[in-house]
Amino acid sequence: MADRYLSFTATAPGRFLTRRLGLPQPAALRRWSPEYPDLDGGLLHLTAGPSTLDLAPVLARTGPGTLSPDPVAAVVLDATGVRDVDTLAEVHAALHPVVRSVAASGRVVVLGAPLDPDDHHQSAVQQALEGFTRSLGKEIGRGRTVNLVRLTDAAAAESTLRFLLSPKSAYVSGQVIGVGAGPVAEGPADPHRPLAGRTALVTGAARGIGEAVAETLARDGARVVVLDVPRAEEDAHRVAERLGGTALALDITAADAGERIAAALPAGLDVLIHNAGVTRDRRLVNMPADRWSSVLDVNLASVLRTTDALLAEGALRPGGRIVATASIAGLAGNAGQTNYGASKAGVAGLVRALAPRALAEHGVTVNAVAPGFIETRMTAAVPLFIREAGRRMNSLAQGGLPVDVAETTAWLAHPASGAVNGQVVRVCGQSLLGA
Ligand code: NAD
C-alpha cells in the first residue's frame, strides 16, 4: 500500500502545508541501486579522546568517496578512547561544528569501546555514547542516520562500517552494534558477489520480506532456496525461478522440518534465514489458546527446532550464518500482540544465548534482525490510523521497505561479518516505541 503522505510531502505545496501544520517531514531516503552504490560525497574522520584503533586504512577502503569532505556524506567519530566526563566533552566539540554540514541521507557513525566492568567511569561515559547516539538520531532529520559501533579491532569491523557507511543502511538508525575482535575473514574473491558459491535458505520467502531477502542474497551471488508452505508453492517457484534458485514446499512447523531441509540439501548450506512469521493479534483477555500456540509455533518453536536439528546434523558449514527475524514488538511490546511479542522476544533470547556456542562449536554466527514498520502485506492489513501511526512514529517518519531488512540480513550473512555475533539489529528507522 503506497505511502501517500510521503509522496505528498515530496511536493512543494505538500511540504509547505505540512510544515505550517507542524506535521512530520519524512525525507525521501536514498537506497542502494547499481546506479547509486555509494553515498555521494566524502568522509570526515574525527576523534574524541586518545584512540588506539588503526582506523584510517579501513576507512580508506570502506568509506564513501574520498577523504575530502565536501559535501560531507558521512562522519565517523572515534570515541573509543573516551574514559571520563572531561574527554566526553570532545564528542560534543568534534560533532557540534559539523553536524549541520552532513548531507541529506548522510551517515554519522560513532565508535565506542566495550564497557569495562572494572572501571565504572569508563562504563559510565561509554554508556553515555548510547544516549548521545540515540538522541542525535532523533533530532538530525533529512534522512540522516546515527549509529554506534562498539569495537576493539577496526579490521574486524570492516564489513559493518562498509554497511553503515553505504546507502544499504538507509533505514537503520539509533542502533548499538557490538563487533568482536575477530576472526577477520579473508575478503570475498569478488566484492560484488560476496556470497558466490554459497547456498542460502530463506524461510517464508514466497513473498514480502523473505522474497526481498532471497533476492538480495541472490544479488550477492548466493544460490537461494526459497522455502514456504505448500499452499504458497506456486509463488515460491516463481520467486526461485526468477532468482535462479530452487523452491522447497515445507511447513516449517513440521516436527521433522530440520531433517527434511538437511535431506533436500545433501551438500549442506551456508546461510540460514529464519524469516517465516505470522501474527494472530488479540488482546490477551480475548486470545484463545490456538492463537497463542500457532504464533509461538511458527515464530519461535520452529526456529529453535530447525536450528537445533541443522546444527546437530552438521548441515551448516563452517563460516555459516544464521539470521533470525525478531521484531520491535518483541523488544518494546505492542498492545494486542502478547503472543507475537513473546515469540519475537524469544528469538532475541535464542540468538544471544546460542551465538557464542554456535561460533565456538560450529564456526557459525547467529544474529537477528528486528524489523519495525515495514511496508508489506502484513502491515497493509493493519487498520488505517494504526498504520499511519506506525509509519510516522520513527525518526525517519516513514515505513521501511522489505529491501531494508534484506540489506541488513545480507550484511550479517557476509563472509567478512564473522566478528558480528549475537546481535539483534533493529531495522526500524529508529522507532519511537521502546529504546
Ligand atoms: P508475510 O506475511 O508477507 O510473509 C510471511 C511468509 O512466511 C509468507 O510467505 C508465509 O506463507 C510464510 N510462512 C508463514 N508460516 C509459515 C510456515 N509455517 N512455514 C513456512 N512458511 C511460512 O510477512 P512479512 O511482513 O514479509 O514478515 C516476514 C517476517 O518479518 C516475519 O517473521 C514477521 O514477523 C517479521 N516482521 C515483519 C514486520 C513488518 O512490518 N512487515 C515487522 C516486524 C517483523
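Up top you'll find the structure we're talking about.
My aim in this report is to walk through the structure given alongside it, one point at a time. Bear in mind the structure is a predicted one, so any value in this text is a computation, not a measurement. (Residues numbered from 1 in each chain as written. Predicted model: local features only at pLDDT ≥ 70, side-chain atom pairs only at ≥ 80, totals over all residues. Heavy atoms only, no water.)

## Let's talk about a nonpolar patch on the surface
Worth spelling out the cut-off: In this scheme, patches are assembled from residues that exceed 30% relative accessible area and form no salt bridge. Like charges are connected within 9 Å, while nonpolar side chains (Val, Leu, Ile, Met, Phe, Trp, Tyr) are connected within 5 Å. Only the protein chains shown count as covering a residue, and every accessible area follows the Shrake-Rupley method with a 1.4 Å probe. Basic side-chain nitrogens of Lys or Arg form a salt bridge, by our definition, when they fall within 4 Å of a carboxyl oxygen of Asp or Glu. Strands here mean DSSP runs of E at least two residues long; helices mean DSSP runs of H or I at least four residues long; both are numbered from the N terminus.
Residues Phe8, Phe16, Leu17, Leu21 and Leu23 make up a contiguous nonpolar surface patch of about 490 Å² in total accessible area. Note that Leu23 resides in the loop between helix H2 (12-20) and strand E1 (42-47).

## As for the sheet that holds strand E5 (residues 176-178)
Spelled out, the test is: Here, strands pair whenever DSSP counts at least two bridges between them. Helix axes are fitted only over the stretch in contact, all axes being lines through C-alpha atoms; the angle between N-to-C directions runs from 0 to 180 degrees. For this analysis, residues touch if any pair of their heavy atoms sits within 4.5 Å.
Spatially, the five strands line up as an open sheet ordered E1-E2-E3-E4-E5, and their pairing is parallel. Bordering the open sheet on either side are E1 and E5, each of which pairs with just one other strand. Averaged over neighbouring strand pairs, the angle between their axes works out to 20° when direction is ignored. Sheet topology note: the strand E2 (residues 72-78)/strand E3 (residues 102-112) ladder contains six bridges and is parallel. What sits directly across from Ala74, in E3, is Arg107. In the packing of helix H4 (residues 85-95) onto the sheet, the strands contacted are E1, E2 and E3, and the crossing angle to E2 comes to about 165°. Strands E3, strand E4 (145-150) and E5 of the sheet are contacted by helix H5 (residues 120-140), whose axis makes an angle of about 165° with E4.

## Digging into helix H14 (residues 384-392)
Worth spelling out the cut-off: Classification of residues uses two cut-offs on accessible area relative to the type maximum, computed with a 1.4 Å probe and protein chains only: under 20% is buried, over 50% is exposed, and between them is partly exposed. The arc refers to the directions leading from the helix axis to the C-beta atoms.
Turning to H14, its buried residues are Arg387, Arg391 and Arg392. The buried side chains of H14 occupy one side of the element, clustering within an arc of 125° when seen end-on. Away from its buried face by more than 90 degrees, H14 exposes Phe385 and Ile386. Contacts made by the buried residues of H14 are with helix H1 (4-9) and helix H13 (377-380).

## Structural notes on the sheet that holds strand E11 (residues 365-371)
Strand order in the open sheet formed by seven strands is E8-E7-E6-E9-E10-E11-E12, and the pairing between neighbours is parallel. A strand with exactly one partner marks an edge of an open sheet, and here the two such strands are strand E8 (246-249) and strand E12 (424-427). Pairwise comparison of adjacent strand axes, ignoring direction, gives a mean angle of 20° for this sheet. As paired strands, strand E7 (residues 223-228) and E8 are joined by four bridges and run parallel to one another. Following the sheet pairing, Asp228 is matched in E8 by Ala249. Of the strands in this sheet, strand E6 (199-203), E7 and strand E9 (269-274) are in contact with helix H7 (residues 208-219), which crosses E6 at around 170°.

The quantities given are spatial measurements derived from coordinates; they are silent on function.
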